[in-house]
Amino acid sequence: MAATTGEPVVVAGEEPDSVREVSARTKGLLISVPVLVGLGFLLGYPAVIALAVAPLLLVAMALFMVGRRPGGNLRRAIEPSQLTRGETATALITSVNNRVTPTGVVEALDSIGGQPVDVLIPPVPPRREVTVSYRFVPLRRGELHLGPVTLERRDPWGLFVRRATASAELTVLVHPRVLPVEVALAGNRIGQEGGTADRDVLGSNQFHTLREYVIGDELRQIHWRSSARVGKLMVKQLVDNPLPRALVVLDNDIRSYRRPLDFEEAVDAAASIGSAIVQAGLPVSLRTTGEDAGVEVLRVEDLTRLLDALALSDPRELRVSPPALRQVLLATRSTSFFLVTGPNTGLIPSAIAALGLVGEGTIVRMGQEGGVSRPRRGLVFRDVMRCDDLATPGQP
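Residues numbered from 1 in each chain as written. Predicted model: local features only at pLDDT ≥ 70, side-chain atom pairs only at ≥ 80, totals over all residues. Heavy atoms only, no water.

Glancing now at the overall build of the chain. Helix and strand content of the chain: nine helices and 21 strands. Counting only residues that meet the buried cut, the chain has 44% of its 396 residues in that class. A separation threshold of at least 6 residues defines the contact pool for the chain, and within that pool the share at least 24 residues apart is 69%. For the chain, the exposed surface amounts to about 21,000 Å²; the carbon and sulfur share of it is 55%. (Helix = DSSP H or I, 4+ residues; strand = E, 2+ residues; numbered from the N terminus. Buried < 20%, exposed > 50% of the residue type's maximum accessible area, 1.4 Å probe, protein only. Contact = heavy atoms within 4.5 Å. Areas by Shrake-Rupley, 256 points an atom, 1.4 Å probe, with all protein chains shown as cover.)

Given below as C-alpha cells:
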C-alpha cells in the first residue's frame, strides 16, 4: 500500500454566495393573480377577487422559507490523505454554523472527477457543526479534482430554489497500486553483496591486490607482513566497489501495449518493484521512455517521490526514440535494471545490449501470458496479464 499520513487533507470554504431561482410554477401562480382579479370584476364575484390573494400568500411563504442562504461555512477533508488507485477513500463535508439560529436541511451536490454525488446535510444547531461523509473509489491515477459543492434549499411546493456554490474545492494525487512482488523480481540478487543506500552514498573501498610501494603512497596502506616476506615495501591497492543500485524503466509508449488497461497495470508493476527495492534498503532510480523527469530514491522516507512521478506519467505515442538503456545505466550508475513494458515493445535489443554493464536484467511484459523465461544468461522475462500476477504467493 502506498505510504500515507494519518492526518486527512482538509480544505476550508468561505460563506457561499447564493442565487435564487424562480420555477415555472411560481410564474404561473403570479400570472393567475391578475387573471382572477379581472374575472372577479368582470363577473361581479368578490369571492374570485379574494381567491387571488391565495397565490400571493403561497409565493410569499415559499420566498420566506428559502430566504436564508443554504447551509453555513463548508470544510471538506479526504481520508486517507494519500489516495491509491482502486482503494476505497472517504470524503467528509463539514457544515459549520456560526449563526445564532439553526440551519435547515440542505441538499448538496458534490463532484468527484466530474461525476456528481448527491449529499444530504442535516440541520446544524447554532454554533455547532455537522459532518457527513460518503465513500468513493478512485479508478484512475493522477490528479483527482473534488468539488465545488453546490448547496440547494427548496420550499415544499417547489416554487423557489436557492443555490449556493461553496468554495470548498480540492485536488489530490492518486498513486498507483503497490503490491508485494516476488523477492527475486524486486532485487534479491541485487542485494547479495550487502550494503544499504546510506553506505552507497559514502562509497566502499575494497581490497584488490598488493603492489610495490611508490613515493606518495600512504604509509598506513603498507602491508608489513608481505613486505618482510619479499624484502621490499608492499602496499594494499584498494578499488571502489560500487554497491547495488537498481534502475526501473517504465515504457510509456502506448504502442507497446495492446490495451490502455495494460499500461495502468504496468505502472502498478513499476511502483511495486521500486517500492520493494527501497524497502529492502537499496537505492533505486526511476526513468520513463517519455520526457518525464527521472527520480532517484535512496530511503523509504522518499518513496512518495517515486509514486508521485508514476502517478503523473501518462501513455503517449513517442515521436523520438528513447535513450539507449546502456546510456541510462551509465548515467544512473545502476548495477541491475527492470524494464516494465508491453508485448509490442521495441526495447528488447536495447536491453540485451545493456547486459554487459549489469549482472542481471529483468523485463516485465504486461498484457500477455507466459510466466518466467530466461532466453539468455543474465536476462529474465516475466510475461503476465496483470500486476497481481507478480505478487508474492500468500500475500494480499
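Moving on, we get to the environment of G142. For G142, the location among the structural elements is in strand β9 (residues 142–146). For G142, a relative accessible area of 6% gives the class buried. Excluding anything up to four places from it in sequence, G142 contacts V172, L173, V174 and A311.

By the definition in use, this model includes 18 salt bridges. R177 serves as the salt-bridge partner of D388, at 3.1 Å between the closest nitrogen and oxygen. Highlighted residues: D388 in the segment after β21 (379–384) and R177 in the loop between β12 (170–175) and α4 (197–202), separated in sequence by 211 residues. A salt bridge links R386 to D388; the nearest nitrogen and oxygen atoms lie 2.9 Å apart. (Salt bridge = Lys/Arg side-chain N within 4 Å of Asp/Glu carboxyl O.)

Of note, the bond from E79 into P80 is cis; its omega dihedral lies within 30 degrees of zero at -5°. With omega at 0°, the peptide bond leading from G147 into P148 counts as cis. In this fold, P148 is placed in the loop between β9 and β10 (150–154). The phi torsion at R127 lies on the positive side, around 55°, for a residue other than glycine. For R127, a relative accessible area of 57% puts it in the exposed group.

Another point: helix α8 (residues 325–332). Turning to α8, its buried residues number three or more, namely L325, V328, L329 and T332. Down the axis, α8 shows its buried residues gathered within 100° of arc, on one side only. With respect to the buried face of α8, the exposed residues turned more than 90 degrees away are Q327, L330 and A331. On the buried face of α8, the contacting elements are β15 (246–250), β16 (284–288), β18 (336–341) and α9 (348–353). (Arc of directions from axis to C-beta.)

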